[in-house]
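Next come the chains, spelled out residue by residue.
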Amino acid sequence: AVTTALPLVADRIELPDKGGLLKTEDWISDEFRKRLLDPFGDMKETGDGPCPRAFNSANRRELLCYLGKRGNRQMVVAFPAREIPRGPKGQNLASGNFAVAKDDYEDRAIRDRRPKNWIERAWPQPRLCHASVFGNLIPKPHQFRRLTISDLPYFFHSCGLPRARWIHDPVGPGFTRAELQ
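Numbering of residues begins from 1 in every chain and follows the order in which that chain's sequence is written. Reporting in this predicted model follows two pLDDT cut-offs: at least 70 for local features of residues, and 80 or more for side-chain atom pairs to be given and counted; totals over whole chains, interfaces and linings ignore these cut-offs and use all residues. The basis for the side-chain values is all heavy atoms of the structure; hydrogens and waters are excluded.

Engineer: Before we move on, can you summarise the side chain of lysine 69 with the specific residues and values?
Structural biologist: Helix and strand assignments follow DSSP, with helices taken as H or I runs no shorter than four residues and strands as E runs no shorter than two, numbered in order from the N terminus. Looking at where lysine 69 falls in the secondary structure, it is placed in helix H2 (residues 60-72). Only heavy atoms enter the contact rule, under which two residues are in contact if any of them lie within 4.5 Å. The contacts of lysine 69, once residues within four sequence positions are left out, are Ala10, Asp11, Ile13, Glu14 and Leu15.

If you want it as structure tokens, here you go:
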């Protein structure tokens, strides 16, 4: 099946009431925790080939509306442009944004993170906890638990990142203070 990138329309993107409910660093390995807390250590000296451009189908007004929705849910933070890391030759590493249709009424927002991925060292595949750990449903020897786990809507927004990592995941082209108010 082919998925078509659509213009990002803020009113078609649904989000949870609040983001970052799970402190990611509390349930990942020591190696991953160290990398989350030291994002500058993740950056390579140079990228492989030229820095890729991020695809962005959102017009400025819609992107501001979408980021406003995220901000109201504690899912985005503004930083002065001078604090945002850039590539080794000053390249803009911000993610682009576009949408793909979920159904006739709702779209899924997608971040094109290729510029930042280009300069970051690759991470090993994580071994995430089993769902029973989150619910403290750990059986004793010779006990069995039958669990049914569904795909929770917007679950990926529930994982928060430590503050040290926030400036390392810029979104969009940059905005003036007046636009963000």
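After presenting the structure, the write-up continues.
Engineer: Give a description of the environment of alanine 94 that names residues and reports values.
Structural biologist: Relative to the assigned elements, alanine 94 resides in the loop between H2 and strand S2 (96-101). In this structure, the C-alpha to C-alpha distance between alanine 94 and isoleucine 84, residues 10 residues apart in sequence, is 9.0 Å. Beyond its immediate sequence surroundings of up to four residues, alanine 94 is in contact with Ala54, Pro115, Pro170, Val171 and Gly172.

Engineer: Can you lay out H2 for me, pointing to particular residues and giving the numbers?
Structural biologist: With 13 residues, H2 extends 18 Å from end C-alpha to end C-alpha; this agrees with the ideal 18 Å at 1.5 Å per step. Per-residue accessibility, obtained with a 1.4 Å probe over protein chains only, is compared with the maximum for each type, and a residue is labelled buried under 20%, exposed over 50%, and partly exposed between these values. By the burial criterion, the buried members of H2 are Glu62, Leu63, Tyr66, Leu67, Lys69 and Arg70. Around the axis of H2, the buried residues are gathered within 150° of arc, so they sit on the same side. Structural note: H2 exposes Arg61 and Asn72 on the side pointing more than 90 degrees away from its buried face. Definition of a polar contact: a pair of N or O atoms within 3.5 Å, with one able to donate and the other able to accept a hydrogen when the atoms are protein atoms, and with sequence-neighbouring residues admitted only if both atoms are side-chain atoms. The residue sitting at the N-terminus of H2 and contributing the capping side-chain oxygen is asparagine 59; that oxygen lies 3.1 Å from the backbone nitrogen of arginine 61. Just past H2, the residue glutamine 74 takes up positive phi, approximately 60°. Working rule for helices: expected span equals 1.5 Å times residues minus one. As used here, the arc belongs to the directions running from the helix axis to the C-beta atoms.

Engineer: Give me the lowdown on the packing of aromatic side chains, citing residues and values where you can.
Structural biologist: Ring geometry is summarised as follows: Phe, Tyr and Trp rings, the Trp one being its six-membered ring, pair when their centres sit within 6.5 Å, and such pairs are stacked at plane angles under 30 degrees, edge-to-face over 60 and tilted between the two. A full pass over the atoms with the stated rule returns 1 aromatic pair. Ring geometry for phenylalanine 55 versus phenylalanine 98: centroids 5.4 Å apart, planes at 65°, classification edge-to-face. One end of the pair, phenylalanine 55, is in the loop between helix H1 (30-37) and H2; the other, phenylalanine 98, is in strand S2, with 43 residues separating them in the sequence. Overall, phenylalanine 55 belongs to the partly exposed group, its relative accessible area being 39%. On the accessibility criterion, phenylalanine 98 (16% relative accessible area) is buried.

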